[in-house]
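A closer look at the structure
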Amino acid sequence: MKLDTRAMRHLTAEDWKVLAAVEQGSKNHELVPVPIIERFSRLKGGSSLVSKCISTLAKTSLIAKMKEAKYDGYRLTYGGLDYLALHTHSQKKHIYSVGTRVGVGKESDIMLVADHTGAQQILKIHRLGRISFRTVKTNRDYLKKNASGSWMYLSTLAARKEYAFLSALHSAGIPVPTPIAHSRHTIVMSLVDAPPLRQISSVPDPAALYASLIELYLRLAKHGLIHGDYNEFNILIREDISINPETGTEKITLVPVVIDFPQMISMEHVNAEMYFDRDINCIKIFFERRFHFKPTTPGPFYKDVKKTVGRDGFERLDATLEASGITKKMAKDLEAAIRQHEEEKLQNPEAFEPSEDEEDDDEDEDEEEKEGEEANTDEKEKEEQPSIVIGFQSPSESG
Ligand code: ADP
Ligand code: MG
(Lines give C-alpha, C1' and ligand atoms only; values in the text may rest on other atoms or scores of the structure.)
(Ligands and ions follow the chains in the order given, each with its own letter.)
Protein backbone atom coordinates (compact mmCIF):
# COMPACT_ATOMS: atom_id res chain seq x y z
CA MET A 1 0.00 0.00 0.00
CA LYS A 2 1.58 3.20 -1.14
CA LEU A 3 0.46 6.53 0.16
CA ASP A 4 -0.70 8.41 -2.90
CA THR A 5 -1.87 11.90 -2.04
CA ARG A 6 -2.52 13.06 -5.59
CA ALA A 7 -6.29 12.83 -5.39
CA MET A 8 -6.47 14.75 -2.14
CA ARG A 9 -6.77 18.23 -3.51
CA HIS A 10 -9.52 17.21 -5.91
CA LEU A 11 -11.87 16.08 -3.17
CA THR A 12 -14.72 18.46 -2.36
CA ALA A 13 -16.00 19.25 1.13
CA GLU A 14 -18.90 16.89 0.39
CA ASP A 15 -16.57 14.06 -0.60
CA TRP A 16 -14.78 14.43 2.73
CA LYS A 17 -18.07 14.30 4.59
CA VAL A 18 -19.09 11.11 2.81
CA LEU A 19 -15.67 9.58 3.46
CA ALA A 20 -16.00 10.45 7.15
CA ALA A 21 -19.48 8.92 7.13
CA VAL A 22 -18.10 5.63 5.82
CA GLU A 23 -15.52 5.71 8.59
CA GLN A 24 -18.17 6.38 11.20
CA GLY A 25 -20.35 3.59 9.86
CA SER A 26 -17.40 1.15 9.88
CA LYS A 27 -17.53 1.08 13.66
CA ASN A 28 -20.66 -1.06 13.50
CA HIS A 29 -20.71 -2.42 9.97
CA GLU A 30 -18.12 -4.36 8.07
CA LEU A 31 -19.80 -3.06 4.95
CA VAL A 32 -21.56 0.25 5.53
CA PRO A 33 -25.01 0.28 3.88
CA VAL A 34 -25.63 3.23 1.57
CA PRO A 35 -28.60 4.57 3.60
CA ILE A 36 -26.35 4.77 6.65
CA ILE A 37 -23.69 6.60 4.66
CA GLU A 38 -26.41 9.06 3.61
CA ARG A 39 -27.58 9.54 7.16
CA PHE A 40 -24.10 10.05 8.65
CA SER A 41 -22.91 12.40 5.92
CA ARG A 42 -25.82 14.80 6.54
CA LEU A 43 -25.54 16.41 3.13
CA LYS A 44 -28.19 18.86 1.99
CA GLY A 45 -27.99 17.58 -1.57
CA GLY A 46 -29.61 14.28 -0.56
CA SER A 47 -29.02 10.86 -2.01
CA SER A 48 -28.03 11.95 -5.52
CA LEU A 49 -25.19 14.07 -4.16
CA VAL A 50 -24.13 11.25 -1.83
CA SER A 51 -24.05 8.77 -4.68
CA LYS A 52 -21.94 11.18 -6.74
CA CYS A 53 -19.48 11.44 -3.86
CA ILE A 54 -19.50 7.68 -3.36
CA SER A 55 -18.61 7.22 -6.98
CA THR A 56 -15.70 9.69 -6.74
CA LEU A 57 -14.40 8.01 -3.58
CA ALA A 58 -14.73 4.52 -5.06
CA LYS A 59 -12.93 5.59 -8.22
CA THR A 60 -9.99 6.84 -6.16
CA SER A 61 -10.07 3.60 -4.12
CA LEU A 62 -10.74 5.39 -0.85
CA ILE A 63 -13.77 3.22 -0.32
CA ALA A 64 -14.55 -0.15 -1.86
CA LYS A 65 -17.40 -2.51 -2.50
CA MET A 66 -17.09 -6.12 -1.55
CA LYS A 67 -17.80 -8.87 -3.99
CA GLU A 68 -20.65 -11.18 -3.06
CA ALA A 69 -22.11 -8.62 -0.68
CA LYS A 70 -25.75 -9.16 0.11
CA TYR A 71 -26.55 -5.45 0.08
CA ASP A 72 -25.27 -2.23 -1.41
CA GLY A 73 -22.55 -0.98 0.88
CA TYR A 74 -18.97 0.22 1.11
CA ARG A 75 -16.01 -0.12 3.39
CA LEU A 76 -13.08 2.16 4.02
CA THR A 77 -9.77 1.14 2.40
CA TYR A 78 -6.28 1.78 3.77
CA GLY A 79 -6.14 4.70 1.38
CA GLY A 80 -9.38 6.09 2.75
CA LEU A 81 -8.15 5.95 6.31
CA ASP A 82 -4.82 7.51 5.25
CA TYR A 83 -6.68 10.40 3.62
CA LEU A 84 -8.86 11.03 6.65
CA ALA A 85 -5.82 11.10 8.92
CA LEU A 86 -3.90 13.40 6.59
CA HIS A 87 -6.92 15.66 6.28
CA THR A 88 -7.07 16.01 10.06
CA HIS A 89 -3.33 16.71 10.32
CA SER A 90 -3.58 19.29 7.59
CA GLN A 91 -6.61 21.04 9.11
CA LYS A 92 -4.80 21.25 12.42
CA LYS A 93 -1.80 22.67 10.55
CA HIS A 94 0.52 19.85 11.58
CA ILE A 95 1.15 18.79 8.01
CA TYR A 96 1.28 21.00 4.96
CA SER A 97 2.95 18.71 2.46
CA VAL A 98 3.93 15.07 2.17
CA GLY A 99 7.35 14.23 0.81
CA THR A 100 9.20 11.00 0.23
CA ARG A 101 8.95 7.73 2.02
CA VAL A 102 12.01 7.23 4.23
CA GLY A 103 11.21 3.86 5.65
CA VAL A 104 9.11 0.94 4.52
CA GLY A 105 8.28 -1.74 6.98
CA LYS A 106 5.50 -4.23 6.74
CA GLU A 107 4.09 -2.74 9.89
CA SER A 108 4.43 0.90 8.97
CA ASP A 109 5.26 3.50 6.36
CA ILE A 110 7.54 6.31 7.42
CA MET A 111 7.10 9.52 5.43
CA LEU A 112 8.96 12.77 5.44
CA VAL A 113 6.42 15.60 5.75
CA ALA A 114 6.59 19.36 6.25
CA ASP A 115 4.45 21.75 8.25
CA HIS A 116 3.34 25.17 6.94
CA THR A 117 6.63 26.76 8.05
CA GLY A 118 8.53 24.23 5.94
CA ALA A 119 9.90 22.39 8.97
CA GLN A 120 10.47 18.72 8.23
CA GLN A 121 8.81 16.09 10.35
CA ILE A 122 8.09 12.39 10.30
CA LEU A 123 4.68 10.85 9.66
CA LYS A 124 4.42 7.23 10.79
CA ILE A 125 1.49 5.33 9.32
CA HIS A 126 0.81 2.09 11.15
CA ARG A 127 -0.15 -0.87 9.02
CA LEU A 128 -0.63 -3.66 11.48
CA GLY A 129 -2.67 -6.55 10.17
CA ARG A 130 -1.73 -5.81 6.59
CA ILE A 131 0.70 -8.66 6.10
CA SER A 132 -1.75 -11.23 7.28
CA PHE A 133 -3.82 -10.75 4.18
CA ARG A 134 -0.91 -11.87 2.06
CA THR A 135 0.22 -14.91 4.00
CA VAL A 136 -1.25 -18.27 4.82
CA LYS A 137 -4.87 -18.67 5.74
CA THR A 138 -4.34 -19.70 9.37
CA ASN A 139 -2.81 -16.33 10.07
CA ARG A 140 -6.11 -14.75 9.34
CA ASP A 141 -7.87 -16.49 12.16
CA TYR A 142 -7.68 -13.64 14.56
CA LEU A 143 -8.41 -11.13 11.86
CA LYS A 144 -11.53 -12.76 10.64
CA LYS A 145 -13.31 -13.40 13.88
CA ASN A 146 -14.42 -9.95 14.84
CA ALA A 147 -13.68 -6.27 14.74
CA SER A 148 -10.97 -6.70 17.36
CA GLY A 149 -8.83 -8.29 14.68
CA SER A 150 -9.38 -5.83 11.89
CA TRP A 151 -6.44 -3.94 10.42
CA MET A 152 -8.12 -0.61 11.08
CA TYR A 153 -8.66 -1.31 14.76
CA LEU A 154 -5.18 -2.78 15.26
CA SER A 155 -3.31 -0.09 13.35
CA THR A 156 -5.19 2.66 15.16
CA LEU A 157 -4.47 1.01 18.49
CA ALA A 158 -0.78 0.67 17.64
CA ALA A 159 -0.60 4.38 16.81
CA ARG A 160 -2.44 5.36 19.97
CA LYS A 161 -0.18 3.25 22.12
CA GLU A 162 2.95 4.52 20.40
CA TYR A 163 1.86 8.14 20.76
CA ALA A 164 1.02 7.68 24.44
CA PHE A 165 4.47 6.25 25.17
CA LEU A 166 6.26 8.73 22.97
CA SER A 167 4.61 11.55 24.92
CA ALA A 168 5.29 10.00 28.32
CA LEU A 169 8.92 9.22 27.53
CA HIS A 170 9.50 12.64 26.02
CA SER A 171 8.10 14.32 29.14
CA ALA A 172 10.35 12.14 31.28
CA GLY A 173 13.41 13.38 29.39
CA ILE A 174 14.22 10.12 27.58
CA PRO A 175 15.84 10.79 24.19
CA VAL A 176 12.96 10.07 21.77
CA PRO A 177 11.49 12.06 18.85
CA THR A 178 9.24 14.94 19.94
CA PRO A 179 5.59 13.95 19.63
CA ILE A 180 3.59 16.43 17.55
CA ALA A 181 0.19 14.97 16.72
CA HIS A 182 -1.82 11.80 16.46
CA SER A 183 -4.78 10.88 14.28
CA ARG A 184 -6.26 7.43 13.72
CA HIS A 185 -3.46 5.05 12.64
CA THR A 186 -0.84 7.80 12.24
CA ILE A 187 1.49 9.87 14.35
CA VAL A 188 3.50 12.98 13.56
CA MET A 189 6.81 13.41 15.35
CA SER A 190 10.03 15.35 14.97
CA LEU A 191 12.56 14.15 12.45
CA VAL A 192 15.65 12.86 14.23
CA ASP A 193 18.62 13.77 12.10
CA ALA A 194 20.59 10.64 12.91
CA PRO A 195 21.16 7.28 11.23
CA PRO A 196 19.93 4.04 12.74
CA LEU A 197 22.66 1.99 14.41
CA ARG A 198 22.11 -0.56 11.63
CA GLN A 199 23.79 1.76 9.11
CA ILE A 200 26.85 2.56 11.18
CA SER A 201 30.01 0.73 10.20
CA SER A 202 32.47 2.24 12.64
CA VAL A 203 32.62 4.26 15.87
CA PRO A 204 35.71 5.42 17.81
CA ASP A 205 34.72 3.77 21.07
CA PRO A 206 32.28 0.83 20.80
CA ALA A 207 32.53 0.18 24.54
CA ALA A 208 31.28 3.68 25.34
CA LEU A 209 28.43 3.42 22.83
CA TYR A 210 27.47 0.01 24.19
CA ALA A 211 27.47 1.40 27.72
CA SER A 212 25.20 4.27 26.69
CA LEU A 213 22.73 1.90 25.01
CA ILE A 214 22.56 -0.26 28.13
CA GLU A 215 22.25 2.81 30.32
CA LEU A 216 19.32 4.05 28.24
CA TYR A 217 17.68 0.63 28.45
CA LEU A 218 18.07 0.59 32.22
CA ARG A 219 16.53 4.05 32.41
CA LEU A 220 13.45 2.72 30.63
CA ALA A 221 13.39 -0.16 33.10
CA LYS A 222 13.48 2.23 36.04
CA HIS A 223 10.36 3.81 34.55
CA GLY A 224 8.87 0.29 34.61
CA LEU A 225 9.19 -0.34 30.88
CA ILE A 226 10.64 -2.92 28.51
CA HIS A 227 11.05 -1.74 24.94
CA GLY A 228 10.49 -5.20 23.45
CA ASP A 229 12.20 -4.51 20.12
CA TYR A 230 15.43 -2.86 21.20
CA ASN A 231 17.63 -3.42 18.19
CA GLU A 232 19.84 -1.70 15.60
CA PHE A 233 16.82 -0.57 13.57
CA ASN A 234 15.07 1.15 16.45
CA ILE A 235 18.00 3.05 17.90
CA LEU A 236 19.18 6.15 16.06
CA ILE A 237 22.64 7.48 16.87
CA ARG A 238 22.95 11.25 17.09
CA GLU A 239 26.26 13.09 17.16
CA ASP A 240 26.23 15.84 19.76
CA ILE A 241 29.09 18.28 19.31
CA SER A 242 30.26 20.54 22.11
CA ILE A 243 33.21 22.92 22.22
CA ASN A 244 35.42 23.14 25.26
CA PRO A 245 35.46 26.92 25.93
CA GLU A 246 38.96 26.84 27.39
CA THR A 247 40.79 24.79 24.82
CA GLY A 248 38.44 25.44 21.92
CA THR A 249 38.51 21.76 21.05
CA GLU A 250 35.52 19.90 19.78
CA LYS A 251 34.02 17.01 21.71
CA ILE A 252 31.67 14.55 20.02
CA THR A 253 29.27 12.51 22.08
CA LEU A 254 27.16 9.75 20.54
CA VAL A 255 23.64 9.90 21.91
CA PRO A 256 21.19 7.04 21.29
CA VAL A 257 17.63 8.06 20.44
CA VAL A 258 15.08 5.30 20.78
CA ILE A 259 12.00 4.89 18.55
CA ASP A 260 9.20 2.39 17.78
CA PHE A 261 7.01 1.64 20.80
CA PRO A 262 3.87 -0.33 19.86
CA GLN A 263 5.25 -3.48 21.51
CA MET A 264 6.42 -1.83 24.73
CA ILE A 265 5.46 -3.74 27.90
CA SER A 266 5.62 -3.32 31.64
CA MET A 267 8.44 -4.73 33.78
CA GLU A 268 5.59 -6.56 35.55
CA HIS A 269 4.43 -8.39 32.41
CA VAL A 270 4.33 -12.19 32.71
CA ASN A 271 6.93 -12.56 29.97
CA ALA A 272 8.95 -9.51 31.01
CA GLU A 273 12.14 -11.45 31.68
CA MET A 274 12.07 -13.16 28.29
CA TYR A 275 11.65 -9.83 26.45
CA PHE A 276 14.27 -8.16 28.64
CA ASP A 277 16.84 -10.88 27.88
CA ARG A 278 15.96 -10.86 24.21
CA ASP A 279 16.50 -7.08 23.96
CA ILE A 280 19.83 -7.17 25.78
CA ASN A 281 21.02 -10.11 23.69
CA CYS A 282 20.11 -8.32 20.50
CA ILE A 283 22.44 -5.47 21.40
CA LYS A 284 25.21 -7.82 22.48
CA ILE A 285 25.04 -9.87 19.30
CA PHE A 286 25.02 -6.74 17.17
CA PHE A 287 28.03 -5.21 18.91
CA GLU A 288 30.02 -8.39 18.58
CA ARG A 289 29.18 -8.84 14.93
CA ARG A 290 29.53 -5.26 13.82
CA PHE A 291 32.21 -3.77 16.10
CA HIS A 292 33.83 -6.98 17.41
CA PHE A 293 33.08 -5.75 20.89
CA LYS A 294 32.22 -8.04 23.77
CA PRO A 295 31.39 -6.66 27.21
CA THR A 296 33.67 -7.96 29.96
CA THR A 297 30.92 -8.29 32.58
CA PRO A 298 27.79 -10.43 32.21
CA GLY A 299 24.29 -9.01 32.49
CA PRO A 300 22.41 -6.83 33.14
CA PHE A 301 19.99 -9.31 34.64
CA TYR A 302 16.25 -8.85 34.85
CA LYS A 303 16.00 -9.88 38.51
CA ASP A 304 18.49 -7.18 39.57
CA VAL A 305 17.01 -4.51 37.34
CA LYS A 306 13.49 -5.30 38.55
CA LYS A 307 14.50 -3.99 41.98
CA THR A 308 15.29 -0.59 40.48
CA VAL A 309 11.79 0.04 39.06
CA GLY A 310 10.45 3.34 40.38
CA ARG A 311 13.66 4.02 42.34
CA ASP A 312 15.84 7.15 42.31
CA GLY A 313 12.82 9.35 41.70
CA PHE A 314 11.92 7.62 38.42
CA GLU A 315 8.24 8.01 37.70
CA ARG A 316 6.57 4.74 36.74
CA LEU A 317 5.29 4.98 33.19
CA ASP A 318 3.89 1.49 32.73
CA ALA A 319 0.41 2.71 33.60
CA THR A 320 0.58 5.10 30.62
CA LEU A 321 -1.70 2.90 28.57
CA GLU A 322 -4.59 2.87 30.98
CA ALA A 323 -4.15 6.59 31.49
CA SER A 324 -4.55 7.12 27.74
CA GLY A 325 -7.82 5.19 27.61
CA ILE A 326 -6.48 1.95 26.18
CA THR A 327 -8.32 -0.80 28.01
CA LYS A 328 -6.84 -4.12 29.12
CA LYS A 329 -8.79 -5.84 26.36
CA MET A 330 -7.40 -3.48 23.72
CA ALA A 331 -3.86 -3.93 25.04
CA LYS A 332 -4.31 -7.70 24.83
CA ASP A 333 -5.67 -7.57 21.28
CA LEU A 334 -2.71 -5.48 20.19
CA GLU A 335 -0.22 -7.71 21.95
CA ALA A 336 -1.71 -10.81 20.34
CA ALA A 337 -1.52 -9.21 16.91
CA ILE A 338 2.08 -8.11 17.42
CA ARG A 339 3.07 -11.54 18.69
CA GLN A 340 1.35 -13.22 15.78
CA HIS A 341 3.12 -10.83 13.47
CA GLU A 342 6.49 -11.73 15.02
CA GLU A 343 5.80 -15.42 14.59
CA GLU A 344 4.80 -14.95 10.97
CA LYS A 345 8.01 -13.04 10.43
CA LEU A 346 10.10 -15.89 11.84
CA GLN A 347 8.30 -18.47 9.74
CA ASN A 348 8.22 -16.52 6.54
CA PRO A 349 10.87 -13.76 6.57
CA GLU A 350 10.70 -13.13 2.80
CA ALA A 351 7.12 -11.94 3.03
CA PHE A 352 8.28 -9.17 5.33
CA GLU A 353 11.05 -7.80 3.18
CA PRO A 354 10.14 -4.33 1.98
CA SER A 355 9.19 -4.35 -1.65
CA GLU A 356 8.82 -1.24 -3.75
CA ASP A 357 6.17 -2.50 -6.08
CA GLU A 358 3.65 -3.64 -3.58
CA GLU A 359 0.23 -4.23 -4.89
CA ASP A 360 -2.80 -2.93 -3.16
CA ASP A 361 -3.54 -5.52 -0.52
CA ASP A 362 -6.92 -4.03 0.08
CA GLU A 363 -8.81 -6.20 -2.28
CA ASP A 364 -9.72 -9.45 -0.67
CA GLU A 365 -10.64 -10.84 -4.07
CA ASP A 366 -6.99 -11.01 -5.07
CA GLU A 367 -5.67 -12.71 -2.03
CA GLU A 368 -6.24 -16.29 -3.07
CA GLU A 369 -3.99 -15.81 -6.08
CA LYS A 370 -1.32 -14.02 -4.09
CA GLU A 371 -1.02 -16.76 -1.55
CA GLY A 372 0.44 -19.21 -4.03
CA GLU A 373 2.99 -16.78 -5.38
CA GLU A 374 6.62 -16.93 -4.45
CA ALA A 375 7.99 -13.95 -2.59
CA ASN A 376 10.25 -11.75 -4.63
CA THR A 377 13.64 -13.26 -3.90
CA ASP A 378 15.60 -10.41 -5.49
CA GLU A 379 14.30 -8.05 -2.87
CA LYS A 380 15.61 -10.00 0.06
CA GLU A 381 19.17 -9.88 -1.30
CA LYS A 382 19.00 -6.14 -1.41
CA GLU A 383 20.04 -5.62 2.19
CA GLU A 384 21.72 -2.26 2.55
CA GLN A 385 25.34 -2.20 3.60
CA PRO A 386 26.39 -0.25 6.68
CA SER A 387 28.47 2.68 5.51
CA ILE A 388 28.32 5.42 8.10
CA VAL A 389 31.33 6.27 10.20
CA ILE A 390 30.31 8.33 13.17
CA GLY A 391 31.76 10.10 16.22
CA PHE A 392 35.32 10.60 14.99
CA GLN A 393 37.00 13.96 15.52
CA SER A 394 37.42 15.86 12.27
CA PRO A 395 41.11 16.50 11.44
CA SER A 396 42.18 19.78 13.08
CA GLU A 397 42.17 22.89 10.90
CA SER A 398 45.79 23.75 11.62
CA GLY A 399 47.06 20.27 10.72
P1 ADP B 1 8.54 0.08 12.21
O2 ADP B 1 7.51 -0.09 13.26
O3 ADP B 1 8.02 -0.23 10.85
O4 ADP B 1 9.80 -0.65 12.53
P5 ADP B 1 9.93 2.52 12.99
O6 ADP B 1 9.25 3.48 13.88
O7 ADP B 1 10.95 1.65 13.63
O8 ADP B 1 8.85 1.65 12.21
O9 ADP B 1 10.60 3.33 11.80
C10 ADP B 1 11.23 2.68 10.70
C11 ADP B 1 12.48 3.43 10.29
O12 ADP B 1 12.15 4.78 9.91
C13 ADP B 1 13.51 3.57 11.40
O14 ADP B 1 14.39 2.48 11.43
C15 ADP B 1 14.20 4.87 11.05
O16 ADP B 1 15.21 4.64 10.11
C17 ADP B 1 13.11 5.70 10.40
N18 ADP B 1 12.46 6.62 11.39
C19 ADP B 1 11.35 6.39 12.10
N20 ADP B 1 11.03 7.44 12.88
C21 ADP B 1 11.98 8.37 12.67
C22 ADP B 1 12.21 9.71 13.17
N23 ADP B 1 11.39 10.30 14.05
N24 ADP B 1 13.29 10.37 12.71
C25 ADP B 1 14.12 9.79 11.82
N26 ADP B 1 13.96 8.57 11.30
C27 ADP B 1 12.90 7.85 11.71
MG1 MG C 1 11.26 -0.34 13.87
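Refer to the structure above for everything that follows.
Residues numbered from 1 in each chain as written. Chains lettered and ligands numbered in written order. Predicted model: local features only at pLDDT ≥ 70, side-chain atom pairs only at ≥ 80, totals over all residues. Heavy atoms only, no water.

Turning our attention to the sheet that holds strand β7 (residues 179-183). Reading across the sheet, the 5 strands line up as β4-β5-β6-β8-β7 and stay open at both edges, with antiparallel pairing between neighbours. Edge strands, defined here as strands with exactly one partner in the open sheet, are β4 (97-104) and β7. Strand-to-strand twist across the sheet, computed as the mean angle between neighbouring axes with direction ignored, equals 25°. Note: strand β5 (residues 108-114) against strand β6 (residues 120-126), 7 bridges, orientation antiparallel. The residue of β6 that forms the bridge with V113 is Q121. Packed onto the sheet, helix α4 (residues 78-91) meets β4, β6, β7 and β8 (186-190) and runs at close to 135° relative to β7. (Pairing = 2+ DSSP bridges. Helix = DSSP H or I, 4+ residues; strand = E, 2+ residues; numbered from the N terminus. Axes fitted to C-alpha atoms, helices over the stretch in contact; angles between N-to-C directions. Contact = heavy atoms within 4.5 Å.)

Moving on to the pairing of β8. Most of β8 sits inside the fold, with 4 of its 5 residues counted as buried. Examined bridge by bridge, β6 and β8 share 5 bridges and lie antiparallel to one another. Residue pairing in the sheet places K124 in a bridge with I187 of β8. Bridging between β7 and β8 involves 4 bridges; their strand directions are antiparallel. For P179, the partnering residue across the bridge sits in β8 and is M189. Connecting β7 to the antiparallel partner β8 that follows it, the hairpin turn spans 2 residues, and R184 within it adopts a positive phi of roughly 50°. (Buried < 20%, exposed > 50% of the residue type's maximum accessible area, 1.4 Å probe, protein only.)

Another aspect to go through is the packing of helix α1 (residues 13-26) against helix α2 (residues 34-41). Running from N to C, α1 and α2 point in directions that differ by 120°, and their axes come no closer than 8 Å. With respect to their mutual orientation, α1 and α2 come out oblique. Remark: the crossing between α1 and α2 carries right-handed chirality. Contacts between α1 and α2 involve K17, V18, A21, V22, Q24 and G25 from the first element and I37, F40 and S41 from the second. (Parallel < 35°, antiparallel > 145°, perpendicular 65-115°, else oblique. Left-handed = near helix turned anticlockwise from the far one by under 90°.)

Here we take up the packing of aromatic side chains. Here the structure, examined in full by the defined rule, presents 11 aromatic pairs. Members of the aromatic cluster, connected to one another through ring pairs, are Y210, F286, F287, F291 and F293. (Phe/Tyr/Trp six-rings, centres within 6.5 Å; stacked < 30°, edge-to-face > 60°.)

Taken together, the neighbourhood of ligand 1 is formed by 15 residues, with S108, K124, F233, N234 and D260 sitting nearest. Here a nitrogen atom of ligand 1 and a backbone polar atom of V192 are 2.9 Å apart. Here F233 contributes a backbone N or O atom positioned 2.8 Å from an oxygen atom of ligand 1. Protein burial of ligand 1: of its 540 Å² of free accessible surface, 84% is covered by the chains. When residues of the shell around ligand 1 are traced back to their parent elements, those giving at least two are β5, β6 and β8. (Near = heavy atom within 4 Å. Polar contact = N/O pair within 3.5 Å; in protein donor to acceptor, adjacent residues only side chain to side chain. Areas by Shrake-Rupley, 256 points an atom, 1.4 Å probe, with all protein chains shown as cover.)

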